[in-house]
Amino acid sequence: MNNTTGVIFNIKKYALHDGPGIRTTVFFKGCPLNCWWCHNPEGLNPKPECIQGITWNYSSPNSQHDTIGRVVTDEDVLTEIKRDWIFYEQSNGGITISGGEPLMQPEFLSSLLKKCKLSIEASTTLDTSGYASWDTIEMVKEDVDLFLYDIKLINNNEHRKYTGVSNTQIINNIETLDNQTHNIIIRFPVIPGITDTPSNINQLCKWLQERSTINEIHLLPYHNIAKAKYYKLGLDYQLEDLETPSVEKLNVISSRFKEIGFKVKIGG
Ligand code: SF4
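Rules of the game
Residues numbered from 1 in each chain as written. Predicted model: local features only at pLDDT ≥ 70, side-chain atom pairs only at ≥ 80, totals over all residues. Heavy atoms only, no water. Near = heavy atom within 4 Å. 1 Å grid on protein atoms, 1.4 Å probe; cavity = no way out; pocket = protein on both sides within 12 Å on 5 of 7 lines; lining within 4 Å. Sits in = over half its atoms within 2 Å of the grid points. Nonpolar A, V, L, I, M, F, W, Y, C, P; charged D, E, K, R; others polar. Points joined across faces, edges and corners; volume = space filled by probe spheres on them. Helix = DSSP H or I, 4+ residues; strand = E, 2+ residues; numbered from the N terminus. Expected span 1.5 Å × (residues − 1). Buried < 20%, exposed > 50% of the residue type's maximum accessible area, 1.4 Å probe, protein only. Arc of directions from axis to C-beta. Contact = heavy atoms within 4.5 Å.

A.B. asks: Please explain the site of the ligand as it appears in this structure.
C.D. replies: Taken together, Cys31, Leu33, Asn34, Cys35, Cys38, Leu44, Gly100, Ser129 and Lys152 form the complete shell of residues around the ligand. Put simply, the ligand lies in the largest pocket. Of the residues that constitute the shell around the ligand, the class distribution is five nonpolar, three polar and one charged.

And the structure:
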């Protein structure tokens, strides 16, 4: 199989919140969305960025350097993954591809997933916004054991306002995956006053009840730890004064999803 190249901005080892077991998470660079609460703003731009004076504390060859992101081959990534593979295997963990939006680099993603399967029989998880053509999803779906699929806002106008894009393609894609019985866990960012409104929760519950096979949702509470990164990147941070949702609030939302029969986890 030929090597393909792509752009990543981090490889996180011993990850505990990106799927089952202990995992290696590979962060692809580039995302077509621009969510107000994104905690990886360094993953938005699809190209490596040279930013003077910034030190990113990543466990990658670029740490202590002022370049965010690097061009790599799938073989480069596989070599890094293999170094610690024994730990992941023993915990029933595997590989998670996150970002940014991995589906923005379909050939690289497809090739890396296939090599992970062929070379180390890794269990594979794709953390995605679902914003891609169906052809792109079709290209990779058989090599994905678990989709961690973000659903943020059901109302399309609200979705456009807070993420910059329509949710039509996102919803169509997940409904098709669900009908094909792929393994999917919903990830729902709990953003006070934006996604946690009664209206959005009610619409989301109604939509979830119509799904065939999806029965689990993870609530991802808002936090502002990425704020400093926005300033360093020269980007506006739109949620300046927003506070993390309280435990009580998260429990109320959690109960709502449990009432409709969903397994709920708070956190990734
Ligand atoms: S989809 Fe994810 S990576 Fe992309 S902007 Fe939204 S939160 Fe950030």
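A.B. asks: It is not clear to me how the layout of surface pockets should be interpreted in this structure. Could you clarify?
C.D. replies: Rolling a probe over the atoms, with the probe sized like a water molecule, indicates the empty space that remains. Within this model, the largest pocket holds a volume of roughly 1100 Å³. As for the largest pocket, its lining consists of 41 residues, of which His39, Asn40, Gly99, Asp127 and Arg187 are closest to the centre. Contributing elements (two or more residues each) for the lining of the largest pocket: strand 1 (5-15), strand 2 (23-28), strand 7 (123-128), strand 9 (184-190) and strand 10 (216-221). At four residues, the largest contribution of residues to the lining of the largest pocket is made by strand 1. Looking at the lining of the largest pocket residue by residue, the class counts come to 18 nonpolar, 14 polar and nine charged.

A.B. asks: Hey, could you run me through unusual backbone geometry in this one?
C.D. replies: Residues apart from glycine generally show negative phi values, whereas peptide bonds are mostly found in trans. The step from Gly99 to Gly100 runs through a cis peptide bond, and the omega angle for that step is 15°. Here Gly100 lies in the loop between strand 6 (94-98) and helix 3 (106-120). Phi angles above zero are rare outside glycine, and Tyr14 is one such case at about 55°. One can find Tyr14 in strand 1. Positive phi is not limited to glycine here, since Thr181 has a value of about 55°. With respect to the helices, strands and loops of the structure, Thr181 is situated in the loop between helix 6 (168-179) and strand 9.

A.B. asks: Please explain helix 6 as it appears in this structure.
C.D. replies: Residues three or four positions apart in an α-helix share a direction because the helix packs 3.6 residues into each turn. When the terminal C-alpha atoms of helix 6 are compared, their 17 Å separation across 12 residues agrees well with the 16 Å that a helix rising 1.5 Å per residue should span. Turning to helix 6, its buried residues are Ile170, Ile171, Asn173, Ile174, Leu177 and Asp178. Projected down its long axis, helix 6 shows its buried positions confined to an angular sector of 165°, all on one face. Among the structural elements, helix 4 (134-140), strand 8 (146-150), helix 5 (156-163), strand 9 and helix 7 (198-209) are those in contact with the buried residues of helix 6. The positive-phi residue at the C-terminal boundary of helix 6 is Thr181, with phi of around 55°.

Scope: geometric values only; no functional claims are made or implied.
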